[in-house]
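Below are the chains, spelled out letter by letter.
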Amino acid sequence: MYNKLQYISQGNTIEAQLYNIHEALDNGCDWVQMRFKNQTTKNAFALAEAVKFLCEEYLANFIINDNVYLAQQIAADGVHLGLSDTKIEEARAILGNTKIIGGTANTFEDISNHIKNGCDYIGLGPFQFTKTKEKLNPILGLEGYYEIMQKIKSNNFEIPIYAIGGITLENADQLIETGIHGIAVSGIITKSPEKGKLITQLNEKLYANVII
Ligand SMILES: Cc1ncc(COP(=O)(O)OP(=O)(O)O)c(N)n1
Ligand SMILES: Cc1ncsc1CCOP(=O)(O)O
Ligand SMILES: [Mg+2]
């Protein structure tokens, strides 16, 4: 089972990214997506290498946003690809069957296509407005999640769905009730002054109904 809480990194410099990722790991995150936009190949590689080392130390999963070749080059655990990024089939051909490939979805049709193309998990959103990402897809809101989760159930689709976009400790419960597998968050963890407490509370909510 994939971990239920994915931290998406923030920071405009290698140092800021490393600080934020280290803090997230130190406070209990066990899945990191390195999201470092508009960078030189050299910078992205340098950060990825350092994050891989950190994630190994903390026994955390490490995936890379957008860049399949970087994920391959540093042997990351996988990649997250959006609707305008490298196609899932192409990424699978490059990375092979053992790596995690996540895909963004905004509609049920996106999810259906991703499943056909061999995606491992879905980042479904955005739930609500967020400053973390520019050019957001249409906002789904709680109703959008219920509608899409219902279609997933009636089609017997089995793929972990992660809610994303503007998720907080306060709205996480409502989202979990829609039947999602987990959440992918950036801002709340990056900005929290009490990261350990927040991550514990998020995990308590996410794993409340899991029987070990
Ligand atoms: C878990 C997860 N879900 C969705 C996204 C968004 O990916 P994308 O649409 O490619 O946007 P960018 O993150 O690349 O700006 C994600 N990163 N992670
Ligand atoms: C990468 C991404 N894709 C859709 S919303 C989003 C940003 C999520 O960040 P936050 O948790 O700060 O809203
Ligand atoms: Mg992308």
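Model, not experiment: these values are computed from the prediction.

### Section: the coordination of the magnesium ion (ligand 3)
The coordination sphere of the magnesium ion (ligand 3) contains the protein donors Asp66 (OD) and Asp85 (OD), at a distance range of 2.0 to 2.2 Å. A residue pair is termed long-range when its members are at least 10 positions apart, and aspartate 66 in the loop between strand S3 (61-65) and helix H3 (68-73) and aspartate 85 in the loop between strand S4 (78-81) and helix H4 (88-95) qualify at 19 residues.

### Side note on the environment of glycine 102
Counting through the fold element by element, glycine 102 comes out in strand S5 (residues 100-105). Owing to a relative accessible area of 0%, glycine 102 belongs among the buried residues under this scheme. Sequence separation between glycine 102 and isoleucine 122 is 20 residues, and the spatial gap between their C-alpha atoms is 5.6 Å. With residues near it in sequence (within four places) discarded, glycine 102 still touches Val79, His80, Leu81, Ile88, Cys119 and Tyr121.

### Some points on the sheet that holds strand S7 (residues 161-164)
Taken in spatial order, the eight strands close into a barrel running S1-S2-S3-S4-S5-S6-S7-S8, and their pairing is parallel. Geometrically, the sheet is characterised by an average inter-axis angle of 25° between neighbouring strands, direction not taken into account. Sheet analysis places strand S6 (residues 121-124) next to S7, joined by three bridges and oriented parallel. Bridge pairing in S7 links isoleucine 122 to isoleucine 161. Packing against the sheet, helix H5 (residues 108-116) makes contact with S5, S6 and S7, and its axis sits at approximately 160° to S5.

### As for the site of ligand 2
The environment of ligand 2 is made up of Arg35, Thr130, Thr132, Lys133, Ile164, Gly165, Gly166, Val185, Ser186 and Gly187. Interatomic distance of 2.4 Å between a side-chain N/O atom of threonine 132 and an oxygen atom of ligand 2. Between ligand 2 and the protein, one listed contact pairs an oxygen atom with a backbone N or O atom of glycine 166 at 2.8 Å. About the coverage of ligand 2: the protein hides 90% of its 370 Å² of free accessible area. Of the residues that constitute the shell around ligand 2, the class distribution is two nonpolar, six polar and two charged.

### Quick notes on the nonpolar core
By size, the foremost hydrophobic cluster in this structure holds 58 residues, and its most contacted members are Leu5, Phe62, Ile111, Leu124, Ile161, Ile183 and Ile189. Ranked by residues supplied to this core, first place goes to helix H2 (residues 41-57) with six residues. Setting aside anything within four residues of it in sequence, one finds leucine 5 in contact with Cys29, Asp30, Trp31, Ile183, Val185, Ile189, Ile199, Leu202, Asn203 and Leu206. Counting residues in each nonpolar core, the second largest holds five residues, with Trp31, Ile63, Ile100 and Tyr121 among its members.

### Quick notes on the site of ligand 1
As a structural note, the neighbourhood of ligand 1 is formed by 16 residues, with Gln33, Arg35, Lys37, Asp85 and Thr104 the closest of them. The separation between an oxygen atom of ligand 1 and a polar side-chain atom of asparagine 65 is 3.1 Å. Protein burial of ligand 1: of its 420 Å² of free accessible surface, 91% is covered by the chains. Secondary structure elements with two or more residues in the shell around ligand 1: strand S1 (5-8) and S6. Broken down by class, the residue content of the shell around ligand 1 amounts to four nonpolar, seven polar and five charged.

### Thoughts on the environment of isoleucine 167
Assignment of secondary structure puts isoleucine 167 in the loop between S7 and helix H7 (169-176). Classification of isoleucine 167 by relative accessible area gives buried; the value is 6%. Sequence separation between isoleucine 167 and leucine 202 is 35 residues; the distance between their C-alpha atoms is 11 Å. If we skip the residues at most four places from it in the chain, isoleucine 167 touches Ala172, Leu175, Ile183, Ala184, Val185 and Ile188.

### Quick notes on the UniProt feature "binding site: Mg(2+)" (unreviewed entry) in the protein
Look at the UniProt record and you will see "binding site: Mg(2+)" (unreviewed entry) annotated at Asp66 and Asp85. For the residues just named, distributed over 20 residues, the greatest C-alpha separation is only 6.3 Å, placing them together at one site. Overall, aspartate 66 belongs to the partly exposed group, its relative accessible area being 23%. Sequence-distant contacts of aspartate 66, that is, excluding residues within four places in its chain, are made with Lys37, Val79, His80, Leu81, Asp85 and Thr86.

Scoring rules and cut-offs
Residues numbered from 1 in each chain as written. Chains lettered and ligands numbered in written order. Predicted model: local features only at pLDDT ≥ 70, side-chain atom pairs only at ≥ 80, totals over all residues. Heavy atoms only, no water. Donors = N, O, S within 2.8 Å, 3.2 Å for Na, K, Ca; no water. Helix = DSSP H or I, 4+ residues; strand = E, 2+ residues; numbered from the N terminus. Buried < 20%, exposed > 50% of the residue type's maximum accessible area, 1.4 Å probe, protein only. Contact = heavy atoms within 4.5 Å. Pairing = 2+ DSSP bridges. Axes fitted to C-alpha atoms, helices over the stretch in contact; angles between N-to-C directions. Near = heavy atom within 4 Å. Polar contact = N/O pair within 3.5 Å; in protein donor to acceptor, adjacent residues only side chain to side chain. Areas by Shrake-Rupley, 256 points an atom, 1.4 Å probe, with all protein chains shown as cover. Nonpolar A, V, L, I, M, F, W, Y, C, P; charged D, E, K, R; others polar. Core = buried A, V, L, I, M, F, W, Y, C linked by side-chain atoms within 4.5 Å. UniProt positions renumbered as here; feature names shortened; annotations may be inferred.

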